[in-house]
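Structural overview
One-letter residues, chain by chain:
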Amino acid sequence: MAGRINDDDVKAVRDAVPIDAVVSEYLQLRNAGGGNLKGLCPFHDEKSPSFQVSPSKGLFHCFGCQEGGDTIAFVMKIDHLSFSETVERLAAKAGITLRYEEGGYNPGHQRGERIRLIEAHKAAAEYYAGQLGSPEAEIGRKFLAERGFDQAAAEHFGVGYSPAGWDHLTRFLRGKGFSDKELILSGLSQDGRRGPIDRFRGRLMWPIKDVGGEIVGFGARKLRDDDNGPKYLNTPETPIYKKSQVLYGIDLAKKDIAKISRAVVVEGYTDVMACHLAGVTTAIATCGTAFGGDHIKILRRLLMDNGSARVIFTFDGDAAGQKAALRAFEDDQKFAAETYIAIAPDGMDPCDLRLAKGDEAVVDLVQPRTPLFEFALRQIVRRYDLETPAGRAAALDEAAPVVAKIKNIASQHEVAVQLAGMLGILDTQFVVRRVAQIARWQRQGGERGPGRQQPQRTYDTPAPAAAPPGPALNLRSPAHRTERELLKLALQRPELVSPAFDAYGVDEFTAPPYAAVRQCIQDAGGATGAPSDYLDAVREAAPNDSVRALVTELAVETIFAKTVDEAYAGDQLVTVRLRAVDRRIRDVQGTLARLGPNGDPERIAAVQNELWVLTQYGQSLRNNGAAAL
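Residues numbered from 1 in each chain as written. Predicted model: local features only at pLDDT ≥ 70, side-chain atom pairs only at ≥ 80, totals over all residues. Heavy atoms only, no water.

So, the overall build of the protein chain
The secondary structure content of the protein chain amounts to 26 helices and 16 strands. Considering only residue pairs separated by 6 or more positions, the protein chain has 66% of its internal contacts joining residues 24 or more positions apart. Of the roughly 29,000 Å² that the protein chain leaves accessible, carbon and sulfur atoms contribute 50%. (Helix = DSSP H or I, 4+ residues; strand = E, 2+ residues; numbered from the N terminus. Contact = heavy atoms within 4.5 Å. Areas by Shrake-Rupley, 256 points an atom, 1.4 Å probe, with all protein chains shown as cover.)

If you want it as structure tokens, here you go:
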């Protein structure tokens, strides 16, 4: 077993790798105010961004699904890594050499599975790239040259060549210290009669990277007629490669996709290369599978679903391309972006188009052309004889349910009018009513539809699994709102509320979840003179994951004040304390009433004295504010 990573090294990794830089590799972040950033949560589907990142605190929190934590927690969650794997990965990125408490430096064979598989793919990519210059790879270089790709292009995209022998790569990776079990698990090798052999042989190789830029698989193109395999052979499903969750070129395209809110979906590796070299740097492609829901999730996080977002599909003009476009339209409502289809007049793909007509033709091709819904409807309508009433009715019966799935009522109405025009039905309102009727049936039948938004949790009713024990928080309650603000100040700006805050009792917080957070702050040593690792200490003091998640949430959530200063902090301190005093006054008054006139004189005198002191203190708080604390 590997040794435990030194605690100081873990802290050094946390400090060295900014959380916003790491999160930005997976989704687009925008200013959320108060020094925070926001984006679409990568851990659940949502239409509007509820995922917030606080660079100054090194924390993230989603107010929709309640996921939260630091940089390490984010990478563990999104890439399904163990704690040690995550720290090792981030340490490598930051150039930090880790120390281990037991056994010194952690040798390669002890490292986590995912990291080992990633390293194997990285080594394989370097090997394949080196082989592209070999005499045997002349056929591969010729293939690239015939499609307009020179050596610089091959190097930019990491294109390589797999030798035609049985086990060249397998022997190379064994020499690098990888076991046969790892090579089989990675998909780079497969079982042969006498042991592992190379999966890819005699093919042109494209490394496939995830959104974080790590190589997780390969796409291999057949070059020789005596190769009996498929034209394109991809890495099989492995612990790090899921074809429905990767997009070729996303590592190169993600920054420009986020920057200009536009993505171009093409069909193959060479099409991605042609687009990027022509200046269309937002091009990406699926890897041997149809464009689907998981691919949409990746793009939506980068596009941020703003009103100007565009997704352009460039399917081939043949029957297969048209079928692919119709499949894409089935998922169209999962996008908030507008979707279009671009097909060259002569049906050429971007690679062929660049060869025939140059870079400008590729750039022109991907300018938004035909809305995807219009293309899909025309593909349906063209199958019917619109010259007859029966043909028009049959076409309407098939097309209307498609239009009815459009969730935006205004868009649905507009498309229904266009459908009437396609069908040649003069009574457009008949078509509009028909579509609306089908839409109602779909809703009443409980059909969610592909674009229906999951109901968002309000802060008034947190998810039961995420809330600490006790009554649900209710932010319509003034008491709860103020307690929340005070805790946010104590976590985010402890210097503004200390030392007064540390004198507050846990019972001064009426919501049990907030009382639990107050206890955490107390157990971590209080807010006075908060050290640099103050937030980490508070999170560590949490008794369970639910309380820890709430600490993170409060540490990230924006403080609701235009000016966050001592005056604002004082107002929150006074309000929470005054409410606690008023509650105690009511309790004492109840005790006095229960004692009655015939009660123990000494007991009555003590209670009356407490009531007088509380009343005077409350009055002082009202008159003098924070000075009375």
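Now, onward.
Some points on the pattern of salt bridges
Here the idea is simple: oppositely charged side chains can pair when their charged atoms come close. Per the stated rule, a full pass over the model turns up 31 salt bridges. The salt bridge involving R577 is made with E508; its shortest N-O contact spans 2.7 Å. Here R577 is found in helix α25 (residues 566–595), whereas its partner E508 is found in the loop between α21 (494–497) and α22 (512–523), with 69 residues between them in sequence. When its relative accessible area of 9% is taken as the criterion, E508 is described as buried. Notably, a salt bridge pairs R548 with D545, separated by 2.6 Å at the nearest N-O pair. (Salt bridge = Lys/Arg side-chain N within 4 Å of Asp/Glu carboxyl O. Buried < 20%, exposed > 50% of the residue type's maximum accessible area, 1.4 Å probe, protein only.)

Regarding the confidence of the model for the protein chain
On average, the protein chain scores 85 in pLDDT, and the residues at 70 or more come to 89%. Helix α13 (residues 319–330) is the least confidently modelled element of the protein chain, averaging 67 in pLDDT, while strand β6 (residues 160–162) averages 98, the highest of any element. With pLDDT under 50 throughout, residues 104–110 is counted as low confidence; its partners more than four residues away or in other chains account for ten contacts. (pLDDT = per-residue confidence, 0-100.)

With respect to the environment of V506
In this fold, V506 is placed in the loop between α21 and α22. Exposure remark for V506: the relative accessible area of 23% places this residue in the partly exposed category. In this structure the C-alpha to C-alpha distance between V506 and R518, which are twelve residues apart in sequence, comes to 5.9 Å. Apart from residues lying up to four places away in sequence, V506 is in contact with A515, R518, Q519 and Q522.

A word on the sheet that holds β6
Taken together, the four strands give an open sheet; going across it, the order is β6-β9-β10-β11, and neighbouring strands pair in antiparallel fashion. This sheet does not close on itself; its edge strands, each paired only once, are β6 and β11 (232–234). Put simply, the sheet's adjacent strands are angled 35° from each other on average, direction ignored. Note: β6 against strand β9 (residues 203–209), three bridges, orientation antiparallel. Looking at the pairing, S162 lines up with R203 of β9. The sheet contacts of helix α5 (residues 113–131) involve β6, β9 and β10 (215–222), and relative to β10 the element is tilted by about 35°. Running over the sheet, helix α11 (residues 269–278) touches β9, β10 and β11 and is turned about 70° from β9. (Pairing = 2+ DSSP bridges. Axes fitted to C-alpha atoms, helices over the stretch in contact; angles between N-to-C directions.)

Topic: the packing of helix α20 (residues 478–492) against α25
Following both chains from N to C, one finds α20 and α25 inclined at 130°, their axes separated by 9 Å at the closest point. Looking at the two axes, α20 sits oblique to α25. Classified by chirality, the crossing of α25 by α20 is left-handed. Here α20 contributes P478, A479, T482, E483, E485, L486 and L489 to the contact with α25, which in turn contributes Y568, A569, Q572, L573, T575, V576 and R579. (Parallel < 35°, antiparallel > 145°, perpendicular 65-115°, else oblique. Left-handed = near helix turned anticlockwise from the far one by under 90°.)

Topic: the pairing of strand β1 (residues 30–33)
Two strands pair when backbone bridges link them, and β1 and strand β2 (residues 36–39) are joined in this way by three bridges, in the antiparallel orientation. Bridge pairing links R30 to K38 in β2. The hairpin formed by β1 and β2 contains two residues between the paired strands, and G34 there has a positive phi angle of roughly 65°.

What about the sheet that holds β2?
Spatial ordering of the open sheet is given by β1-β2-β3-β4-β5, a layout of five strands whose pairing is antiparallel. The outermost strands of the open sheet, each flanked by one partner alone, are β1 and β5 (68–70). Across the sheet, the mean angle separating the axes of adjacent strands is 25° when strand polarity is ignored. Examined bridge by bridge, strand β4 (residues 59–62) and β5 share three bridges and lie antiparallel to one another. Looking at the pairing, L59 lines up with D70 of β5. Packing against the sheet, helix α3 (residues 71–79) makes contact with β3 (51–54), β4 and β5, and its axis sits at approximately 120° to β5.

Side note on the pairing of strand β15 (residues 338–341)
Relative to β15, strand β14 (residues 310–313) runs parallel, the two sharing four bridges. For V311, the partnering residue across the bridge sits in β15 and is T339. Direction of pairing for β15 relative to strand β16 (residues 370–371): antiparallel, over a ladder of two bridges. Directly across from Y340, in β16, lies its bridge partner P371.

Notes on the environment of K47
Its location among the elements puts K47 in the loop between β2 and β3. Distance from K47 to M304, taken between C-alpha atoms, is 8.9 Å for residues 257 residues apart in sequence.

Points about the environment of Q522
Among the structural elements, Q522 can be located in helix α22. Judged by relative accessible area, Q522 falls into the partly exposed class, the value being 40%. Distance in space between the C-alpha atoms of Q522 and D502 is 7.2 Å, their sequence separation being 20 residues.

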